[in-house]
Each structure stands twice: as C-alpha cells, then as structure tokens.
Amino acid sequence: MIKGLLEKLRQPKQKSSAEPDRQYISEDQVQAIVDQRIKEHASALQTPSTDDEEHLLTPKQIDYALSLIDKVKDEFVIAIDPTKLTVKDLNRLIGYNRYKNKGTLVNLVKKGVLKKV
C-alpha cells in the first residue's frame, strides 16, 4: 500500500486532456453582454404601475365590505357596483369601523364609492 503511494508521488503529474481550450472575446462583445444584463436587471426592478391597494376585491371581501357599508346605511349608500370596490376602499371602510373616523367615509364620498343619503 505504501509502495503504491510512493510510486504515485514519484510519477510526474499529467495534464488532463479534459481542459477546454480558452476562447477570448473582444471588448465589444463584453460590452454588449454587460448592456444586455443591465437591461434585464432594470426590467426586473421595475414595479407594475398599479398599486397593491388598487386590486379588485374577492367575493368574500365584497360581502365583508357590503356588511360594513350596511352599518352606515342611515347616512351613506353605495354609489358604485360592488364588484368595482378595491382593496383601498375596503381598508377605508375597516378604518371607519375600527376608529369611527368620519374622514374615511368623506374620502369614499369624494372618490365616488359612497354617497350621502
């Protein structure tokens, strides 16, 4: 066993034939690749133009929003189709329900979601 190890150490190391030939590329090619990567990165960083709060509600959320509007039915009624309600509208209704801040309802009236009775 030791003899086998000594023989391996004495033999010169052979270069592996599996090494690929090196290819050189020009500066123009490098610059083109860099520009392409920068464009890809910039497009990945761009956020969609719509805000997260501007998405339409799911059917369960619509039911919940209508139940919150029903709590203020003596002062306000819904002025738009319930399917057009957004997450932002729902958040405002929840804010009114939690903090009793009339300003949130006024904002919904200004937006055209609610109207005064």
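Structure: above.
These figures come from a predicted structure and were not determined experimentally. (Residues numbered from 1 in each chain as written. Predicted model: local features only at pLDDT ≥ 70, side-chain atom pairs only at ≥ 80, totals over all residues. Heavy atoms only, no water.)

Caption draft 1: Representation of the side chain of Thr-104 within the structure. Topologically, Thr-104 is positioned in helix α5 (residues 102-111). Residue Thr-104 is classed as buried on the basis of its relative accessible area of 15%. A distance of 2.8 Å separates a polar atom in the side chain of Thr-104 from the backbone oxygen of Asn-101. Among all residues touching Thr-104, those that are not within four sequence positions of it are Arg-92 and Tyr-96. (Helix = DSSP H or I, 4+ residues; strand = E, 2+ residues; numbered from the N terminus. Buried < 20%, exposed > 50% of the residue type's maximum accessible area, 1.4 Å probe, protein only. Polar contact = N/O pair within 3.5 Å; in protein donor to acceptor, adjacent residues only side chain to side chain. Contact = heavy atoms within 4.5 Å.)

Caption draft 2: Inspection of the nonpolar core at higher detail. Within the largest apolar cluster, 15 residues are counted, with the highest numbers of intra-cluster contacts made by Leu-57, Ala-65, Leu-93, Leu-105, Leu-108 and Leu-114. Those elements giving two or more residues to this core turn out to be α3 (59-70), α4 (87-99) and α5. The greatest single-element share of this core, amounting to four residues, is contributed by α3. Those residues within four positions of Ala-65 in sequence are excluded, and the remaining contacts are Leu-57, Leu-85, Leu-90 and Leu-93. (Core = buried A, V, L, I, M, F, W, Y, C linked by side-chain atoms within 4.5 Å.)

Caption draft 3: Focus on α3. Taking 1.5 Å per residue as the helical rise, α3 with its twelve residues ought to reach 16 Å, and the 16 Å between its terminal C-alpha atoms agrees with that figure. Among all positions in α3, only Ile-62, Ala-65, Leu-68 and Ile-69 are buried. The arc that holds every buried residue of α3, seen down its axis, measures 120°, which confines them to one face. Structural note: α3 exposes Pro-59, Lys-60 and Asp-63 on the side pointing more than 90 degrees away from its buried face. (Expected span 1.5 Å × (residues − 1). Arc of directions from axis to C-beta.)

Caption draft 4: Geometry of the packing of α4 against α5. Between α4 and α5, whose axes approach to 8 Å, the crossing angle comes to 150°. The orientation of α4 with respect to α5, classified from their angle, is roughly antiparallel. You can see that α4 and α5 cross each other, and the crossing is left-handed. Between α4, through Asp-89, Arg-92, Leu-93 and Tyr-96, and α5, the contact on the second element is made entirely by Lys-102, Thr-104, Leu-105, Asn-107, Leu-108 and Lys-111. Of the residues that constitute the contact of α4 with α5, the class distribution is four nonpolar, two polar and four charged. (Axes fitted to C-alpha atoms, helices over the stretch in contact; angles between N-to-C directions. Parallel < 35°, antiparallel > 145°, perpendicular 65-115°, else oblique. Left-handed = near helix turned anticlockwise from the far one by under 90°. Nonpolar A, V, L, I, M, F, W, Y, C, P; charged D, E, K, R; others polar.)

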